[in-house]
Amino acid sequence: MNRRRRRNKANGLACDGLRLLTSAATVPDGYNPKEATMNRRSFSKHTLMLGIGTLAGAATGAPQKGGDARADVCEEPARTLPARKFDVVVAGGGTAGVSGAIAAARQGARTALIEAKGYPGGTVTEGGTALHSFFNLWKAFPRVKKRQVVRGIPQQIVERLLKVGGTSGHAQMLKGYDYDSVCTAIDTELYKLVAFEMLAEAGVFICVNTFLAGALTEGGRITAAIAECHAGREAFLAKSFVDCTAYGDLCARAGAEFTEPNDYPVVNSIGVANVNVEKYYEFLKSHDAVGQYAEGIRDGKEGQIVRLSGQTATLPREFSEAAGRIGMDTATTTVHDNYFMFIKLNFKMPVSPTNRDEVAKAELELRKRQVKAVELFRKFVPGCEKAFIARTSPSLNIRRARLIKCDYDISHEDVVGARHFDDDVFAYGFHDMAPRIQIKNGGTYGIPYRALRVAGIENLMATGMMITSDHRAHMSTRNTVCSMGQGQAAGTAAALCAARNCGTRDLPYADLRKALEKGDVYFES
Ligand SMILES: Cc1cc2nc3c(=O)[nH]c(=O)nc-3n(C[C@H](O)[C@H](O)[C@H](O)COP(=O)(O)OP(=O)(O)OC[C@H]3O[C@@H](n4cnc5c(N)ncnc54)[C@H](O)[C@@H]3O)c2cc1C
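Not measured: the values here are computed from a predicted model.

## Points about the overall build of the protein chain
When you go through the protein chain residue by residue, the secondary structure sums to 13 helices and 24 strands. The burial tally for the protein chain puts 61% of its 525 residues in the buried class. Within the protein chain, counting contacts between residues at least 6 apart in sequence, those at least 24 apart form 74% of the total.

So this is what it looks like as structure tokens:
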């Protein structure tokens, strides 16, 4: 297969792209829709049945020291499991899953949330740290007004964070990148706590440290999600299911159709302490290298630097070249003095982020790069002489793994054409590739309900980074605030379906719309 590679243009991507210090040598996956299409591997439907052994994950044995431990096959005997009964099961308590579970529970559905880690939050708390964006991209359009288009549960999370000093608030970009108009930086640890509390208050049955491991299906419906925790294996029976795992684990195990485009690098982003943000800014200014600059709330004070990044062209060559070799992007955000985070180290997976053994190699490589990244800051950036790594992500951050086939696939034309649908579940107005790609007239497009319904399965929805095949459109729909909105929509729909005992396709849109409006979701059509 021809794996063409293209250099990423310096002013290409926004908050989360490969814009600044990345180079073709280290990040060989600049956007190329043709390549993305050609690299897709189609998988046939394969339902994982309870009790039958699977080779999934075990069949990818990359040679490691200790030899190739692949054996033949082995059979796992069927067994009877303890079971719990719910109306709605949300798999994955990350960016979308938190809003999804809260929304379902607030509708009165008995809701379980299955989260593999010990806390909710997902990539918001591990990868990005700045939420993009609650607002439209108005700045590039002289007569267009700034307006907040995402509200509902995502906005309620921000309000809770504001109360505990866990966010910069909606900070407006003041320098450079007009498109990146508003970013909302967060304290990732407080985000976990706030999300946990809001889930508990809504009455969600929260299962952390619990891995979604299988699905039982019958006649095109999921009847149970199978999960594993330290105590063992358990079945979660429910009427409606929402897959918010980012990896599409529930969809795959239920037999949904999917592909694995592998069209983004993976990352492990880091938090750095003992830094002087003002001096970092002075350093960038002295090299005429300020890329992104935003002021917001830091340590309770307004008007502080909360987002900063450097442009490679005018930075000391030794620094920018070394940063390029480790795939480092200098974009940083903070809501605290003496601390910044979100230094990204991009690494391209050879096959897919679902390939366990390649992931093991990437995890090691990225940790080596993290040490190098901080060494570079210590050496070159005044105010960072004694900086150290205060946090890393517990595991690889992905931008997409499985792409799940849904009833509708949001296209690039839908996004840039500001298209709204007759089954919109909210409006969204941010694009990560602006100003190269803008939404028409600084407006919004609609996320249609049908884009969340998993094709071929009656009672399953997919959210977040798992939907939208076109890479350019995905550079909008996968962003945090869009994922959170999708979560609220899917959770609400799942609860309504459970209450009516109907499949996702039989839910009257008018009922969904009414419930979403009641949940403070904003619509533009
Ligand atoms: C490095 C990086 C930087 C980014 N920067 C930005 C940014 O600045 N602004 C922005 O808006 N967007 C940014 N993004 C994009 C955005 O963060 C993600 O696309 C979005 O958070 C995806 O949300 P999600 O709900 O689909 O997945 P996640 O938030 O990852 O949630 C998935 C959850 O499912 C859990 N899970 C997975 N498998 C299982 C299983 N089998 N059983 C149980 N639980 C499971 C995970 O632990 C996780 O909690 C960035 C992404 C990355 C990787």
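## A word on the packing of aromatic side chains
The full count for this structure, using the stated rule, is 11 aromatic pairs. Plain terms: the ring middles of Phe-86 and Phe-205 are 5.4 Å apart, the flat faces sit at 40° to each other, and that makes the pair tilted. Pair noted here: Phe-86 is in the loop between strand S1 (83–85) and strand S2 (88–91) and Phe-205 is in strand S7 (residues 205–207), with a separation of 119 residues, a long-range link. Exposure remark for Phe-86: the relative accessible area of 9% places this residue in the buried category. When the centroid spacing of 5.7 Å and the interplanar angle of 85° are considered together, the rings of Phe-319 and Phe-377 count as edge-to-face. With Phe-319 in helix H8 (residues 317–325) and Phe-377 in helix H9 (residues 356–380), this residue pair connects regions lying 58 residues apart in the sequence.

## Here we look at the pairing of strand S5 (residues 171–175)
Working note: regular strand, side chains alternate between the two faces of the sheet. Taken together, the 2 bridges between S5 and strand S6 (residues 182–185) define a ladder with antiparallel strand orientation. The residue of S6 that forms the bridge with Gln-172 is Val-182. Here 2 bridges tie S5 to strand S15 (residues 290–298), and the two strands are oriented antiparallel to one another. Its bridge partner lying in S15, Lys-175 is registered against Tyr-293.

## Topic: the pairing of strand S11 (residues 240–243)
What you see with S11 is no split at all: Ser-240 and Val-242 on one side and Phe-241 and Asp-243 on the other are buried throughout. For S2 and S11, the ladder comprises 4 bridges, and the chain directions are parallel. Paired with Val-89 across the two strands is Phe-241, which belongs to S11. Examined bridge by bridge, S11 and strand S24 (residues 460–462) share 3 bridges and lie parallel to one another. Across the sheet, residue Val-242 finds its bridge partner in S24, namely Met-461.

## Re the sheet that holds S1
Two pairing modes exist for strands in a sheet, parallel and antiparallel, and in both the strands are linked by backbone hydrogen bonds. Within the open sheet, the 4 strands sit side by side as S1-S10-S9-S8. Their pairing is mixed. In the strand order of this sheet, the two ends are held by S1 and strand S8 (211–218), each with one partner. Each strand axis lies, on average, 25° off the axis of its neighbour in the sheet, ignoring direction. Where S8 meets strand S9 (residues 221–229), 7 bridges bridge the pair, whose relative direction is antiparallel. Each bridged residue has a counterpart across the sheet, and for Gly-214 the counterpart in S9 is Ile-226.

## Some points on the packing of helix H2 (residues 95–106) against helix H12 (residues 480–500)
For the pair H2 and H12, interaxial distance at closest approach is 7 Å and the crossing angle is 30°. Overall, the two elements H2 and H12 adopt an arrangement that is roughly parallel. By crossing handedness, the relation of H2 to H12 is classed as right-handed. Of the residues in H12, those touching H2 at Thr-95, Ala-96, Ser-99, Gly-100, Ala-103 and Ala-104 are Thr-480, Ser-483, Met-484, Gly-487, Gln-488, Gly-491, Thr-492 and Ala-495. Of the residues contributing to the contact of H2 with H12, the split by class is 5 nonpolar, 9 polar and no charged.

## So, the side chain of Asp-423
With respect to the helices, strands and loops of the structure, Asp-423 is situated in the loop between helix H10 (412–416) and strand S22 (424–428). Separated by 2.9 Å, the side chains of Asp-423 and Arg-450 make a polar contact. Among all residues touching Asp-423, those that are not within four sequence positions of it are Ile-447, Pro-448, Tyr-449, Arg-450 and Tyr-509.

## Focus on the nonpolar core
Generally speaking, a soluble globular protein has its nonpolar side chains buried in company with each other. Ranked by internal contacts, the top residues of the largest apolar core, which has 95 residues, are Val-89, Ile-157, Phe-236, Leu-250, Val-425 and Leu-460. Here the element with the most residues in this core is H12; it accounts for 11 residues. Setting aside residues no more than four positions away along its own chain, Val-425 makes contact with Ile-447, Pro-448, Tyr-449, Leu-452, Ala-489, Leu-512, Leu-516, Val-521 and Phe-523.

## Regarding the site of the ligand
In the vicinity of the ligand there are 35 residues, among which Thr-95, Glu-115, Thr-123, Arg-478 and Thr-480 approach most closely. For the ligand, an oxygen atom lies 2.9 Å from a polar atom in the backbone of Ala-96. At 2.5 Å from an oxygen atom of the ligand is found a main-chain nitrogen or oxygen belonging to Arg-478. With the chains in place, 97% of the 1,000 Å² that the ligand exposes on its own is no longer accessible. Where the shell around the ligand is concerned, the elements lending two or more residues are H2, helix H3 (123–128), S8 and H12. Take the shell around the ligand: its biggest share by element is 3 residues, from H3. Its residues assigned to classes, the shell around the ligand comprises 13 nonpolar, 16 polar and 6 charged.

## Points about the confidence of the model for the protein chain
Averaged over every residue, the pLDDT of the protein chain is 88; the share at 70 or more is 86%. Predicted confidence is poor over residues 1–63, with pLDDT under 50, and the contacts of this stretch with residues over four places away or in other chains come to 161 contacts.

## Some thoughts on the sheet that holds strand S3 (residues 111–114)
Strand order in the open sheet made by the 5 strands is S7-S3-S2-S11-S24, with parallel pairing throughout. Taken across any chain shown, the strands that pair with only one partner, and hence form the sheet edges, are S7 and S24. Pairs of neighbouring strands in the sheet enclose a mean axial angle of 15°, with direction left out of account. Across the sheet, H12 lies against S2, S11 and S24, angled at about 165° from S11, the strand it touches most.

## Considering the environment of Thr-217
Within the element layout of this structure, Thr-217 appears in strand S8. In sequence terms Thr-217 and Arg-253 are 36 residues apart; their C-alpha atoms lie 9.3 Å from each other.

## Focus on H2
Every α-helix carries 3.6 residues per turn, so stepping three or four residues along brings you back to the same face. For H2, spanning 12 residues, the distance from its first C-alpha to its last is 18 Å, which sits close to the expected 16 Å at 1.5 Å a residue. For H2, a buried count of 11 out of 12 residues is recorded, marking the element as mostly surrounded by other parts of the structure. All of the buried residues along H2 are Thr-95, Ala-96, Gly-97, Val-98, Ser-99, Gly-100, Ala-101, Ile-102, Ala-103, Ala-104 and Ala-105. In this structure, the buried side of H2 is in contact with S2, S3, H3, helix H4 (152–163), helix H5 (188–202) and H12. In the segment just after H2, Gly-108 is the residue with positive phi, at about 95°.

Basis of the calculations
Residues numbered from 1 in each chain as written. Predicted model: local features only at pLDDT ≥ 70, side-chain atom pairs only at ≥ 80, totals over all residues. Heavy atoms only, no water. Helix = DSSP H or I, 4+ residues; strand = E, 2+ residues; numbered from the N terminus. Buried < 20%, exposed > 50% of the residue type's maximum accessible area, 1.4 Å probe, protein only. Contact = heavy atoms within 4.5 Å. Phe/Tyr/Trp six-rings, centres within 6.5 Å; stacked < 30°, edge-to-face > 60°. Pairing = 2+ DSSP bridges. Axes fitted to C-alpha atoms, helices over the stretch in contact; angles between N-to-C directions. Parallel < 35°, antiparallel > 145°, perpendicular 65-115°, else oblique. Left-handed = near helix turned anticlockwise from the far one by under 90°. Nonpolar A, V, L, I, M, F, W, Y, C, P; charged D, E, K, R; others polar. Polar contact = N/O pair within 3.5 Å; in protein donor to acceptor, adjacent residues only side chain to side chain. Core = buried A, V, L, I, M, F, W, Y, C linked by side-chain atoms within 4.5 Å. Near = heavy atom within 4 Å. Areas by Shrake-Rupley, 256 points an atom, 1.4 Å probe, with all protein chains shown as cover. pLDDT = per-residue confidence, 0-100. Expected span 1.5 Å × (residues − 1).

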